[in-house]
Amino acid sequence: MAQEIRYSLKELTEQLGGEVQGDASVSVTQVASLAHAESYHIAFLANPKYKEQLASSQAGAFILARSMTGASNKPCILADNPYTYFAKVSTLFNPPLRGDEGVHERAVIHPSAVIGAGARIAANVVIERDAVIGAGCSIAAGVVIGAGVQIGENALIYANVTIYPLCVIGNNVILHSGCVIGADGFGLAPEAGRWLKIPQIGRVVIGNDVEVGANTTIDRGALDDTVIHDGVKLDNQIQVAHNVHIGEHTAIAACTGIAGSAHIGAHCTIGGAAMIFGHIKIADNVNVSTNTLITKSLPKAGTYTSALPFSEHSVWLKNAVQMRHLDSMALRLRSLEQQLASMEKNNG
Amino acid sequence: MAQEIRYSLKELTEQLGGEVQGDASVSVTQVASLAHAESYHIAFLANPKYKEQLASSQAGAFILARSMTGASNKPCILADNPYTYFAKVSTLFNPPLRGDEGVHERAVIHPSAVIGAGARIAANVVIERDAVIGAGCSIAAGVVIGAGVQIGENALIYANVTIYPLCVIGNNVILHSGCVIGADGFGLAPEAGRWLKIPQIGRVVIGNDVEVGANTTIDRGALDDTVIHDGVKLDNQIQVAHNVHIGEHTAIAACTGIAGSAHIGAHCTIGGAAMIFGHIKIADNVNVSTNTLITKSLPKAGTYTSALPFSEHSVWLKNAVQMRHLDSMALRLRSLEQQLASMEKNNG
Amino acid sequence: MAQEIRYSLKELTEQLGGEVQGDASVSVTQVASLAHAESYHIAFLANPKYKEQLASSQAGAFILARSMTGASNKPCILADNPYTYFAKVSTLFNPPLRGDEGVHERAVIHPSAVIGAGARIAANVVIERDAVIGAGCSIAAGVVIGAGVQIGENALIYANVTIYPLCVIGNNVILHSGCVIGADGFGLAPEAGRWLKIPQIGRVVIGNDVEVGANTTIDRGALDDTVIHDGVKLDNQIQVAHNVHIGEHTAIAACTGIAGSAHIGAHCTIGGAAMIFGHIKIADNVNVSTNTLITKSLPKAGTYTSALPFSEHSVWLKNAVQMRHLDSMALRLRSLEQQLASMEKNNG
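What this report covers is the structure whose coordinates are included nearby. (Residues numbered from 1 in each chain as written. Chains lettered and ligands numbered in written order. Predicted model: local features only at pLDDT ≥ 70, side-chain atom pairs only at ≥ 80, totals over all residues.)

What follows concerns the environment of I276 of chain A. Residue and element names in this part refer to chain A. Within the element layout of this structure, I276 appears in strand 34 (residues 275-276). The exposure class assigned to I276 is buried, which follows from the 26 C-beta atoms found within 10 Å. When the C-alpha atoms of I276 and Q339 are compared, they prove to be 43 Å apart, with 63 residues separating the residues in sequence. Non-local contacts of I276, meaning those with residues more than four positions away in its chain, are made with I258, A259, A262, I264 and I294. (Helix = DSSP H or I, 4+ residues; strand = E, 2+ residues; numbered from the N terminus. Buried ≥ 20, exposed ≤ 12 C-beta atoms within 10 Å, placed from the backbone. Contact = placed C-beta atoms within 7 Å.)

The next thing to look at is the sheet that holds strand 6 (residues 61-65) of chain B. All names here are of chain B. Strand order in the open sheet formed by 5 strands is 2-7-6-5-4, and the pairing between neighbours is mixed. The sheet is open, and its two borders are formed by strand 2 (19-21) and strand 4 (30-31), each paired with just one other strand. In this structure, strand 6 lies alongside strand 7 (residues 76-79), joined through 4 bridges in parallel fashion. What sits directly across from L64, in strand 7, is L78. Along the sheet, helix 1 (residues 9-16) makes contact with strand 2, strand 6 and strand 7, crossing strand 2 at roughly 160°. Packed onto the sheet, helix 3 (residues 82-93) meets strand 4, strand 5 (41-45), strand 6 and strand 7 and runs at close to 145° relative to strand 6. (Pairing = 2+ DSSP bridges. Axes fitted to C-alpha atoms, helices over the stretch in contact; angles between N-to-C directions.)

All names here are of chain A. The backbone phi angle of A273 is positive, close to 55°, even though this residue is not glycine. Position of A273 relative to the elements: it lies in the loop between strand 33 (269-270) and strand 34. A residue is classified by how many C-beta atoms lie within 10 Å of it, and A273, with 30 of them, is buried. Backbone geometry places N285, a non-glycine residue, at a positive phi of 60°.

Both copies of the chain are tied together by a single rotation about an axis and a shift running along it. Under the fitted operation, chain A is carried onto chain B by 0.0 Å of movement along the axis and a turn of 120°, and the coordinates agree to an RMSD of 0.0 Å. Such a combination of rotation and displacement between the chain copies is what one expects of a three-fold axis. (Least-squares fit on C-alpha atoms with pLDDT ≥ 70 in both.)

Moving on to the interface of chain A and chain B. Contacts between chain A and chain B engage 61 residues on the former and 59 residues on the latter. At the level of elements, helix 3 (82-93), strand 39 (311-312), helix 4 (313-323) and helix 5 (326-347) of chain A are the ones that each hand at least two residues to the side of chain A that touches chain B. When residues of the side of chain A that touches chain B are assigned to their parent elements, the largest contribution, 8 residues, is made by helix 5 of chain A. Broken down by class, the residue content of the side of chain A that touches chain B amounts to 29 nonpolar, 24 polar and 8 charged. Pairing analysis gives 2 bridges linking strand 39 of chain A to strand 38 (residues 302-305) of chain B, with the strands arranged antiparallel. When the sheet's bridge partners are listed, E312 of chain A is paired in strand 38 of chain B with Y304 of chain B. (Nonpolar A, V, L, I, M, F, W, Y, C, P; charged D, E, K, R; others polar.)

Listed below in structure tokens is the structure:
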């Protein structure tokens, strides 16, 4: 089984910075939530509002904001940002599970494919002609990697992912199960009541340090490429259409759809189930709210929203009727204003 | 090929209750819709409104509400609830297809995994280290079951499902193709314009009698578990984020997204393409309508809605413009009311 | 590697019509976008508005609208519809990649299955009892085809697709990775606080020339079949519930959901993330806009919309508050009109 990983608070602060308060020789073996921690766990608290949870937590040590010095008698690490500090501690305790070493005898690898040093290839992986898999990659069971695909170093590809031919994937990329990289974009030309298929001959090009969630789909470009830049994080069940570009370090929550040729800037955050029209351009540092439909370019940073507030159904029913009469309400309002203005003039 | 299953009406009512009207020795071999039934079928009618469809149906027998006694000259079963009665009859005629017996020689099973009695494991299934598969489970082709996963008895797991390490799945669970159980939650901490990944070390814990639709994703917890309680039914293409809890016997329709740490009560129904914010609590017996965005906790049972009514596009255009002016319309309305009040006072 | 495909403009117009302007012996080997074309590429321009891009493009030849005669000194093909002409040229240069010939030794094919002449079956494909695969089909790695499935000729089934038992698929169908055909519909009957599963015994029947996008799900019928007619094009991540019918040559964009027993006409277009209620009927030639919820039958052709316009978040907040007061705004407006009418009468 997995070997135990153990760090003292002293060792943690030597690696990650921060300051120990109390006994620095205390050691822990895992992170946990305040509520479920045991004595061998370290837990964190970022928000002073929940300070009273420290008293009841069974954790052996805490990561706290510097402003919370003295909030617990237990050994603590004080950090500028307890949440990112916690993320780093957790990463030490929880390296990704990379599967067994070597190439499983039940993987099917084309003789022309190149497999980098130390790559782990599980059972029933299929790697097709001329694909190149970088050093240190882990490819889980059932993954299919098409002809000519290039994958950088240390990628982590979970079970049952599909990558279509010729796509390019950077270093340290994580692809979760069921995601599909490089399927044909939805390119159709109407002719005499039928649809002609436009061959989709671009690729998907994914940069370094990108993570793609489960069952997310990223279509290949029609002529040029679909491009996902370094550090982009995509949640589950997202649809990225052909020729979309997503800028560096943009994070997109689940169930969002991005239509063809939309260009999204860097450092954006896009809420769940947002929909982005095609052929528009979104600036850097834009935030799109959950359930919001963006229908035109957003040339400047800011937060944009179009969600309809919910109500009890009976209340909603009455308001919803009026949503179909807003134009006439506006006209009636204008007419009242004119009438009143004229009456006031007459009475004046 | 499959063996024929045949029941007389007498045998059906002995097993399932209800009362035969007419010849109880008549036997049928399958259920069908009224429109497409043949003489060897039994069809059902729950709604007296469609009574005239009985006359034209070729079914050999009917399941009817007790209030419809005499509505057909053909043999009938009268039941309190014809729809649930029909569901039970159909279940007799249509036991789930469980694949061939035994373990296929092309399954890849780690020697440390435990496979229960009578389990059926198809070709190209991969079962990793220390996984435990309960008695009577059926696992279809291409399924990947991660290290340490525990699955109860009689689960039915369709082709190309992926279950990440350490997840726990109850008895009589059905997982449809393409669903992904236990991928990492979308846990990111911002640091200096980049995203740090928070390791997701919780599990997904699924109770008994749960059904999960095709291509639905249920993420593992960040620290604690994501929990799907007994009897929950999830349709296709649903996204369940990390640390969500879904209460017993709640049913959720397709394309719905549930953000992190939302807790949904028992016996709820959630319509298609609903979106539920994270960190909120929804009471038992809540109904959420299709396309509805729930942005805060719902502490009491009821039906909640936020869908925008559709119109012809030209009509919608005119109303949509005003949706951006509602605040100013409200102000203008208030101002008119004040003007008028003051005029009336002056005129009074 | 792939053999080079090369056509002169003369050869292209002999096959596809249109008229050469300039040197018809010039030959090209691939299509490209105006921006990225090299001298061995042919590019197209449909919109005279972007005419100036011709001068800077490095393409060796262009496809232009007849109205643009003389717009470039380079060899051109003049076509009535440059976009469809381009689609046909691109199809000549880019025949679908159909995988290696023959049946891979690592495919698992039940002895009772019938494999048509020239079919290409990749590694780790599983084809179950009594399935019939038509001549010329290409079935990529990891595809699972259930018992009794029938597939017509020349289908192109990408990696990790799942087809449940007994479904029927026509000629020239394309199924993209991760799509699931024939999973159980969401059929549940409530009984005493629990859900009874209604067996789903219909099939999915897909016509000829249908394309289904990545991770799209089409559920089997409850009793009768779910039917996708000839020429239908479905994008990625679409959910088609049980007993839906989709008429010929209808195209549906990504992330759309269609609830049970909805019947959609022929030649419709449905925008992304639309949601269609169950048990409704949509006429031929209907266009549904992106993000639109259709809650009742649409008996006549036209364009229908319900999307909420987005705003900057601070503006949205002020307007959103009023969306919950529309009913009272309407009442107040009515009351003002009555007051004013009565004042005018009194003053008159």
